[in-house]
Amino acid sequence: MNIFEYSIFEYFLKPGSFDVLVNIIIILVKIAIVLGVVMFHVAYATYFERKTIGRMQVRMGPMEVGPHGLLQPIADMLKLFFKEDIIPEKADKTIFYIAPIVSLMAAMSSLAVIPFYKDFAVANINIGLLFILAMSSLGSYGIILSGWSSDSKYAFLGGLRSSAQVLSYEIAMALSLVGVMMMAGSLNMNEIVKAQAEYPTGLYLIPQIIGFFVFVVAALAETNRTPFDLPEAESELVAGYFVEYSGMRFALFYVAEYVGMIIMGCLAATCYFGGWTIPWYIIKILPFLKYVPGVVWFTLKVYFVVFCYYWIRATVPRYRYDQLMSIGWKLLIPLALANIAITGIIKVMVK
Amino acid sequence: MGRVEKPLETREITLNMGPQHPSTHGVLRLVLQLDGETVVKCTPYVGYLHRGIEKLAEGMTYLQALPLTDRLDYISSMANNVGYCVAVEKLFGIEVPERAKFIRTMVCEMTRISSHIIWIATHALDLGAMTVFLYSFREREWILDLFEMLCGARLTVSYPRIGGVRNDVSQEFLDSLYKFTEEFPKRIEEYETLIDKNRIWLKRTKGIGVISAEEAINWGLSGPMLRGSGVKYDVRKAFPYDAYDKVDFEVPIGKNGDVYDRYRCRMEELRQSNRIIRQCIEKLPPGPIMAPDAPKFTLPPKDRVLADMESLIHHFVLITKGPMAAPEGEIYVATEVPKGELGFYIVSDGTGRPYRMRIRAPSFVHTSVLPRLSEGHLVADVIANIGTIDIVLGECDR
């Protein structure tokens, strides 16, 4: 068959093709829903962050725009949208343009495989976990490219720091998730949640506590949050890799960071907190909880993780670059490897 | 294809840090020579905030020059005022009344608290601990409110005068201040819970910016920078001025001379300052607040100026021409301000204006040690070192 004679229209005229069309439409609708909901949550994650940290620091947080500052994210967005878009004269313009897009796209595409509740994922693929890991490391390209193309030494240093950081912590994170993969016997996010629900403890947090610890630390580093926010260390590199960005392009980076944070929250909720399910023993004690929709549980779990992010940010100082590296290589990776070994031994013994 | 023709060449990069940079505490400019992230060479450039305070003072009477000293280290203006006044008083041989001495000691220590609070706030913020910053600004606000209550100004107070202080303290002020001293030790603990034993804080501060006692003396360091290295030298103890010989306090010293020891020193100083304030409130004697030698150096009381001719003339002459009875001579007097040893070297030629005024600013001396502390360390340590020096560029550039 000559590929050039084969048009997409002919494909749809074939019997059974109508189902494909419906599928595509369903997927598009799903994407729209997921994007819409997540973007809303991203906007209010910034609000939530400012309020949480504000409370922790004995101040109010945003209070001016709307009641209790509820419209602040919208005001911020409008402000960024109408700001002048400044591009440095000596910047590598093409790369400068695409860097924030790469960053955001990588963060957004991870959303595709997250099961928000039973069997609801844009793409229920069998390599879900790998896909997320791949995408989150792709996100560092955005950072490296922006750092490189900005023609600023601060941005450059930020980009370099970030590339080293993401490289080292990517390994630790992947290894920490291997324990989950071994227990669930699948890379499919849906399957992982289902396997967890059938597991005696109801969630993998308890048997995988070491893995969870490694995961949380690596996730902090992966999303450039305090205490690992070296690529954007405000007091050292001013703002790091996005120092030359302004207006909407800056907003893209900002959104990417928060999407990344929510993705990590989703990942933690899916792999360690049992996704949309709640453990059976809790239902036994409080039977009415089973009428709460799964998506609510999922959201609560994600917000719990996100809250911990904020909490950490309000509490701890920042690591130094070499200390960050030594933690990654000397502590987290051995811990994650030990976790894999222990999980493996237990799994074999239980069988 | 893809074969590397010659070995990869690596070069050091020059990074210009400041004068506009969030953690250079104003307008310090550092030119860093970096090999990767390691600082090979660090060159501080100062002078971006130069206003010529020393030169300006030459054209002013001694009283007029007082507000200039507010603008030196603008977050501890009270201590600068006192330093200047003590120097001029010693030059003229004025004996300050006891009550004024205690009030001055009290406000000096309040300034020390407010200055150290800013230091811990910015130092912690530079190292990424954001919450300490806001906690400590809460207490600074309190101190500034007390200053406002005392003299109407919050930042550039110009409250002490040559020969005493401007106005007496009210009972209301003393009560509020006492309440502050009761509350403040708890607040210090609050800061310490956040960072004192925090592993990251320890990792960022221990063994960073180490300077030995001998070197610290050779570099001319003073204040907590010197005491952090284990040298027990404090102008308040060594050459007591005002009421420091009448209050009981300790001089905390460090051992290792690193950023952490200086941090511990300053935190302990906060407690000691609190102690001194309390003693001052308790021991505050009654009496006048201005030296009584009215016609010669100090202004006559306002009610007499309005009532009798002679006082009005004295007032006029003192304000327009300065103290006419000023003896000739020169003097160097050092006081312990929050940053270190602040010295005023004043040359008087008998006219009402200083012939020459030279200020030994601790920040300026401490800036010179910055390359010594930073070279060979990482960029992040430079930030820690700037923080530990507790630099204020207003004083450094004068």
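None of the values given here were measured: they were computed from a predicted structure.

1. Section: the interface of chain B and chain A
Then step 1. Facing 33 residues of chain B, the contacting portion of chain A comprises 27 residues.
Then step 2. For the pairing of chain B and chain A, the buried interface totals around 2700 Å² over both sides, and the portion due to carbon and sulfur atoms is 60%.
Then step 3. Where chain B packs against chain A, one counts two salt bridges.
Then step 4. Here Glu37 of chain B ties to Arg161 of chain A by a salt bridge, and the two come within 2.6 Å at their closest N and O atoms.
Then step 5. Contributing elements (two or more residues each) for the side of chain B that touches chain A: strand S1 (13–17), helix H4 (98–126), helix H5 (130–151), helix H7 (199–205) and helix H16 (379–389) of chain B.
Then step 6. Residues that form the side of chain B that touches chain A fall into these classes: 18 nonpolar, nine polar and six charged.

2. Some words on the nonpolar core
Then step 1. By size, the foremost hydrophobic cluster in this structure holds 87 residues, and its most contacted members are Tyr84, Tyr159 and Ile346 of chain B.
Then step 2. A total of 12 residues in this core trace back to one element, the largest contributor, which is H4 of chain B.
Then step 3. Non-local contacts of Tyr159 of chain B, meaning those with residues more than four positions away in its chain, are made with Met78, Asn81, Ile103, Val107, Leu150, Cys151, Val165, Arg166, Asn167, Asp168 and Val169 of chain B.
Then step 4. Core analysis: the second largest hydrophobic core is formed by 75 residues, Leu129, Val259, Tyr310 and Ala314 of chain A among them.

3. Brief notes about the sheet that holds strand S3 (residues 38–45) of chain B
Residues and elements named next belong to chain B.
Then step 1. Within the open sheet, the three strands sit side by side as S1-S2-S3. Their pairing is antiparallel. With one partner strand each, in any of the chains shown, S1 and S3 form the two edges of the open sheet. Direction aside, the axes of adjacent strands within the sheet are offset by 20 degrees on average.
Then step 2. With five bridges connecting them, S1 and strand S2 (residues 29–35) associate as antiparallel partners. What sits directly across from Leu15, in S2, is Leu32.
Then step 3. Against the sheet, H16 engages S1, S2 and S3, with an angle of about 150 degrees to S2.

4. With respect to the sheet that holds strand S7 (residues 340–349) of chain B
Strands pair in a sheet through their backbones, by hydrogen bonds, and they do so in one of two ways: parallel or antiparallel.
All names here are of chain B.
Then step 1. Across the sheet, which stays open at both edges, the three strands sit in the order S6-S7-S8 with antiparallel pairing between neighbours. Looking at the sheet topology across the chains shown, the edges are occupied by strand S6 (328–337) and strand S8 (354–360). Within the sheet, the average angular offset between the axes of one strand and its neighbour, ignoring direction, is 15 degrees.
Then step 2. Where helix H3 (residues 77–92) meets the sheet, it contacts S6, S7 and S8, and its direction lies at approximately 150 degrees from that of S6.

5. Here we look at the environment of Ile277 of chain B
All names here are of chain B.
Then step 1. Following the sequence through the fold, Ile277 ends up in helix H11 (residues 259–283).
Then step 2. Accessibility expressed as a relative area gives 0% for Ile277, which makes it buried.
Then step 3. Here the alpha-carbon distance between Ile277 and Phe180, two residues 97 residues apart in the chain, equals 9.9 Å.
Then step 4. In contact with Ile277, other than residues within four places in its own chain, are Met106, Glu109, Met110, Ile113, Leu177 and Thr181.

6. Thoughts on the domain arrangement of chain A
Residues and elements named next belong to chain A.
Then step 1. Taken as a whole, chain A is organised into domain 1 (1–82) and domain 2 (83–350).
Then step 2. Look at where the C-alpha atoms of domain 1 and domain 2 centre, and you get two points 18 Å apart.
Then step 3. Contact with domain 1, which involves 20 residues of that partner, is made by 26 residues of domain 2.
Then step 4. Buried area between domain 1 and domain 2, both sides added, is near 2300 Å², and the carbon and sulfur share of it is 80%.
Then step 5. Where domain 1 touches domain 2, the interface holds one salt bridge.
Then step 6. The residue Glu49 makes a salt bridge to Arg313 at a minimum N-O spacing of 2.4 Å.
Then step 7. Across the contact surface, domain 1 and domain 2 share eight residue pairs in polar contact (both at pLDDT 80 or more).
Then step 8. Broken down by secondary-structure element, the contributors of at least two residues to the side of domain 1 that touches domain 2 are helix H2 (17–56) and helix H3 (72–82).
Then step 9. Examining the composition of the side of domain 1 that touches domain 2, we find that 16 residues originate from one element, H2, more than from any other.

About the cut-offs
Residues numbered from 1 in each chain as written. Chains lettered and ligands numbered in written order. Predicted model: local features only at pLDDT ≥ 70, side-chain atom pairs only at ≥ 80, totals over all residues. Heavy atoms only, no water. Contact = heavy atoms within 4.5 Å. Buried area = accessible area lost by both parts, 1.4 Å probe. Salt bridge = Lys/Arg side-chain N within 4 Å of Asp/Glu carboxyl O. Helix = DSSP H or I, 4+ residues; strand = E, 2+ residues; numbered from the N terminus. Nonpolar A, V, L, I, M, F, W, Y, C, P; charged D, E, K, R; others polar. Core = buried A, V, L, I, M, F, W, Y, C linked by side-chain atoms within 4.5 Å. Buried < 20%, exposed > 50% of the residue type's maximum accessible area, 1.4 Å probe, protein only. Pairing = 2+ DSSP bridges. Axes fitted to C-alpha atoms, helices over the stretch in contact; angles between N-to-C directions. Domains from an automatic or database assignment. Polar contact = N/O pair within 3.5 Å; in protein donor to acceptor, adjacent residues only side chain to side chain.

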